Amino acid sequence: MRRNAIEASGLRRFRTLLTLLALLLAGAALPAWSGVRDAPGKDLQVALITYGPGAIYWERFGHDAIEIRDTVSGESVNFNYGVFDFDQKDFLLNFARGRMNYMMDAERSAPEIGWYVEQHRSVRRQMLNLSAAQAAQLRDFLLWNLRPENLHYRYDYYTSNCTTKVRDAFDRVLGGQLEKQLAARTGGQTYRQQTDRLMAAQPWLMLLLDLGLSHYADRPLNAWQESFLPVVLADQLTHARIRDAAGDRPLIASDTMLAPNGLTPPPATAPDLRLPLLAAGAALGLALLLLGRSKRRAARIGFGVLATLWLLLAGLAGLFMLALWTLTTHVAGWANANLLLFNPLAWGLFAAVWRTRASRRAHLLAWIIAALAALALLGNLTGLLMQRNLPWILLALPVWAAILHTLRRRNAA
């Protein structure tokens, strides 16, 4: 009996030590901002922190966070939804397939804001006119969202990103008032226009994104939908109001620019791609016509090389768009009308552009490809395709016409 009692006593002490160690580790893992976590709603201040676009391409859309401040302890925490983990299993594959898992994070406000200031990005703070109950409800929701089981969410560039999650959190505590007001206003620009505008500093990436966007990106947006962008959300909140038992008041109590923008700002509107792409298409088409008309061996080789490069890129672009449509959840790239201009059918002409006489099959294929490009133009002009892809039509149509004309001329010679 004595031995068993000693063993039981030792086991209890061991369990007590384990419990104390677990509590110590849990305390270390908990945020130091216990004031924000435990403060009553009357002591909480809520603000939207908006960071302007950065210099790197993935920073071009900007960022934002919800700042919760305990006015008694002075503690302040920024909650944001823009964190992803490169070490996730199959991250790159899931990214390509459109199955991106993002998560929220919480950091002390001062160091986070300081980092953005060091990056020369603008920082704007908008204090919200929330009641004590609304402030506490928002804080509690953010803490709930920060739990491991609630941390992750399925990311979408336009409909579920770091800004829409902030917008939705505000709307949640406002009982749907924010969505009702913003959905009643028309937006300023489409998804395509906003994307082109913000990516204008990286022209090749902007062109690739524009090529891959379908009619989905050209739909008219209301202000709620266009608030997928941090700057747009911040501007829209300045017009929002709260109506509750306490009365009718503006949502924004104060609006302060904490740090000015130190980088080259994006243009206010999207660049017009029609003239540049028309010039490129006309120049390439003219070069193909001139080379194709010449009987000199060097000119024929030049035509073959230039046409082959075009056919290769057209086919690759088509495969890229087909993959977006059929193999991914990137909805903004589904049913892309640019497939009428660029598709793998182009690879069927590889041999024809090198021969002095094209086969009947190659000749027919060239007619089909040119007809598809003409169909894209007709659909664009009549609005039947509902996709704003005229710049790409202006690029492709002269080139396909030049290739078709050259093959026909060779067959007639």
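Since we're looking at a predicted model, the values are computed, not measured.

Undergrad: What is the right way to read the nonpolar core from this model?
TA: The nonpolar side chains of a soluble globular protein tend to be buried, and buried together. Among the nonpolar cores identified, the biggest contains 42 residues, and Leu138, Phe170 and Leu251 are the most heavily contacted of them. When neighbours within four sequence positions are excluded, leucine 138 is seen to be in contact with Val46, Ile66, Ile68, Leu130, Ala169, Phe170 and Val173.

Undergrad: Honestly, the sheet that holds strand β2 (residues 63–70) in this entry has me stumped. Any pointers?
TA: Sheets are built from strands that pair by backbone hydrogen bonding, the pairs being arranged parallel or antiparallel. Ordered by their spatial adjacency, seven strands build an open sheet running β6-β4-β3-β2-β1-β5-β9, and the pairing between neighbours is antiparallel. Bordering the open sheet on either side are β6 (152–155) and β9 (252–259), each of which pairs with just one other strand. Averaged over all adjacent pairs, the angle separating strand axes in this sheet is 25 degrees, with direction ignored. Inspection of the sheet shows strand β1 (residues 44–51) paired to strand β5 (residues 123–128) by five bridges, in the antiparallel sense. For leucine 48, the partnering residue across the bridge sits in β5 and is glutamine 126. Docked against the sheet, helix α6 (residues 162–173) engages β1, β2, β3 (76–83), β5 and β6, running at close to 40 degrees with respect to β2. Against the sheet, helix α11 (residues 230–237) engages β1, β2, β5 and β9, with an angle of about 135 degrees to β1.

Undergrad: What am I meant to see in helix α12 (residues 274–293) here?
TA: The periodicity of an α-helix, 3.6 residues per turn, causes residues three or four positions apart to be oriented the same way. For α12, spanning 20 residues, the distance from its first C-alpha to its last is 28 Å, which sits close to the expected 28 Å at 1.5 Å a residue. Within α12 the residues assigned to the buried category are Leu277, Gly281, Leu284, Gly285, Leu288 and Gly292. In a view along the axis of α12, the buried residues occupy a sector of 100 degrees, so they form one face of it. Looking at α12, the residues exposed on the side facing more than 90 degrees away from the buried face are Leu275 and Leu290. Turning to α12, the residues buried within the fold contact α13 (297–327) and α15 (390–412).

Undergrad: Explain the pairing of strand β4 (residues 100–108) to me, please; I cannot follow it from the model alone.
TA: Every regular strand shows the same layout, with side chains that alternate between the two sheet faces. Bridge count for β3 against β4 is five bridges, and the pairing is antiparallel. The residue bridging valine 77 from the neighbouring strand is arginine 108, located in β4.

Undergrad: Would you explain unusual backbone geometry in this entry?
TA: The general pattern is negative phi for most residues beyond glycine and trans for most peptide bonds. Even without being glycine, histidine 120 reaches a positive phi, approximately 65 degrees. On the secondary structure map, histidine 120 appears in the loop between α4 (109–118) and β5. Given the relative accessible area of 47%, histidine 120 is considered partly exposed.

Rules of the game
- Residues numbered from 1 in each chain as written.
- Predicted model: local features only at pLDDT ≥ 70, side-chain atom pairs only at ≥ 80, totals over all residues.
- Heavy atoms only, no water.
- Core = buried A, V, L, I, M, F, W, Y, C linked by side-chain atoms within 4.5 Å.
- Buried < 20%, exposed > 50% of the residue type's maximum accessible area, 1.4 Å probe, protein only.
- Contact = heavy atoms within 4.5 Å.
- Pairing = 2+ DSSP bridges.
- Helix = DSSP H or I, 4+ residues; strand = E, 2+ residues; numbered from the N terminus.
- Axes fitted to C-alpha atoms, helices over the stretch in contact; angles between N-to-C directions.
- Expected span 1.5 Å × (residues − 1).
- Arc of directions from axis to C-beta.

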